[in-house]
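# Coordinate inspection notes
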Amino acid sequence: MRLLEAEAAARLGEALRGFDRAALRRVYGPDAVDAADRGDYRALLAQCGDDRLGVWTRLFVIGVEVATEAAEAALAPFTVGEAIRCGLLVSGGYEVIAGWGAQFEGGRVLFSDQRPNTTGGRSRQHVLGVGGASRLLLDLTPREGVQSALDVGTGCGVQALALNAGTVTATDLSERALAFAALNAQVGGTELELLQGDLLAPVEGRRFDLVVANPPFVIATPGSGWTYRDAGREADGVAAELAAASTSILNPGGDMRFLANWLHRKGEAWGERIAGWFPETGARVWAVEREVLDPLDYVRTWQRDSGEDHDADQAAAWLDWFDVNGVEGVGFGFIAVRRIDAPTEVVCEEARHAVETPWRDRIADWFALREADLEPETLWTAKLRVAEGVALQQAAAIGEEGWDVDRQWLQQAEGMRYAEEIDPLVVAFMGACTGETEVRLQVQLLADTYGADPAMLYAQLYPIIHRLTERGFLRLA
């Protein structure tokens, strides 16, 4: 399936020149563009005329009709007739309106089925544009150049076209999605290897340096036929499948990033569930849960998404499935994997709070710290310093002799912005972490102060020092 032949796609790309976010901000002003991002189009409507930028903006940012004659001039050397035949525009006689969506991402314009100002009424073959989930994955993905990269479930090509690799392969089950990805690549002058098939099936036996996936992860009973959303696996099987294949699809040292939903079941820790998906050797994994929805909110969310929120029978069947399977909630987040030559290590944690972005930097920090030598013998002779942006916070209540400190904690202003409660002994230790003195000397001084045995004191402190270093409160000087 093709939406346009290569020559026509090239002419469409020529017509698009100058239609980008920077041009909108320059011509109409940042306030008007920011307001449009929030759904307030008044400033744009007041300024957009029949010039090329105005027509493209009215059609694909605001989502209003444009006179056919004005559209013909703005689309040249592409034609309105071609645009109507391929579906880019819909004719209303003397006027036309957008038939596709066009969104800005990374200096590109990406076409998809996601029309401006429309909700619900999607077909089951709907091809998503750039949304919150895809933006999260873009934020997670490393930008260092690699030789080979794979985008699983590419949709309109959002991730594939952003990958920095010598060769980029993209798969999707949907023929229409691959057609949009091909068009977006042609319009932008980029080469992609596009393969149709289910998840990793089209690249069986191949390995890559980087794999990303924003798969159809919605947990249904099983998938109910929305190709962009439902994977057709039981429960959270799509995430389990990607996890199980991680070590076989990655080159040594390669990285994988994917978004997922996972079940919270009665009597089962969600982290243990995720850890069970991975092979016993070959993977270092960081799974971060950003939110949890209870089953009712989850069903309502995805019914609204597909325009099925009126279907009470479907909702009842879906909720019954959750009840039968002991599901208390559904988590959403990301899973970062690195191929290693060692037993598998899986760390799962919740991160509901705001984190310093981009997430790719947080992931790079996490892997670097997990790969550092933080063994007891190494830390014993190390020089540690308190990381920048770390502050000691205290909570105190007034007492008979003044303020009584109830608890103390460390708070990061940067990076993951963790908070970590600590006791007075650790407060004293951290206060001396200036990067100038070895840990062994700090422990000796504390032992002299408290009348303790240095070896016993270090045995008590080491797990805490290790954790504070892994979590970025302390740095190796």
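For the structure itself, look to the data block above.
Report on the accompanying structure. Treat the numbers as computed from the prediction; the structure is a model and nothing was measured.

## Looking at the overall build of the protein chain
Helix and strand counts for the protein chain come out as 18 helices and 19 strands. With the C-alpha coordinates of the protein chain rotated into their principal frame, the extents come out at 90 × 50 × 50 Å. Relative to its full complement of 477 residues, the protein chain shows a buried share of 49%. Relative to all contacts within the protein chain whose residues are 6 or more apart in sequence, the contacts with residues 24 or more apart total 67%. When the accessible surface of the protein chain is totalled, it reaches about 21800 Å², and 48% of it is carbon and sulfur.

## Considerations on the packing of helix α16 (residues 424-431) against helix α17 (residues 439-450)
Between α16 and α17, the least distance of the axes is 10 Å, while the angle of their chain directions is 135°. Here α16 lies oblique to α17, going by the angle between them. Note that α16 runs across α17; the crossing there is right-handed. Residue-level contacts link Pro424, Leu425, Ala428 and Phe429 of α16 to Val439, Gln442, Leu446 and Tyr450 of α17.

## Notes on the sheet that holds strand β15 (residues 390-399)
One open sheet accounts for 3 strands, arranged β15-β16-β17; its pairing is antiparallel. Unpaired on one side and paired on the other, β15 and β17 (419-422) mark the two borders of the sheet. Recorded for the sheet is a direction-independent mean angle of 30° between the axes of neighbouring strands. Of the pairings in the sheet, the one linking strand β16 (residues 402-412) to β17 comprises 4 bridges and is antiparallel in character. Bridging from a neighbouring strand, Gln408 pairs with Ile422 of β17.

What counts and how
- Residues numbered from 1 in each chain as written.
- Predicted model: local features only at pLDDT ≥ 70, side-chain atom pairs only at ≥ 80, totals over all residues.
- Heavy atoms only, no water.
- Helix = DSSP H or I, 4+ residues; strand = E, 2+ residues; numbered from the N terminus.
- Buried < 20%, exposed > 50% of the residue type's maximum accessible area, 1.4 Å probe, protein only.
- Contact = heavy atoms within 4.5 Å.
- Areas by Shrake-Rupley, 256 points an atom, 1.4 Å probe, with all protein chains shown as cover.
- Axes fitted to C-alpha atoms, helices over the stretch in contact; angles between N-to-C directions.
- Parallel < 35°, antiparallel > 145°, perpendicular 65-115°, else oblique.
- Left-handed = near helix turned anticlockwise from the far one by under 90°.
- Pairing = 2+ DSSP bridges.

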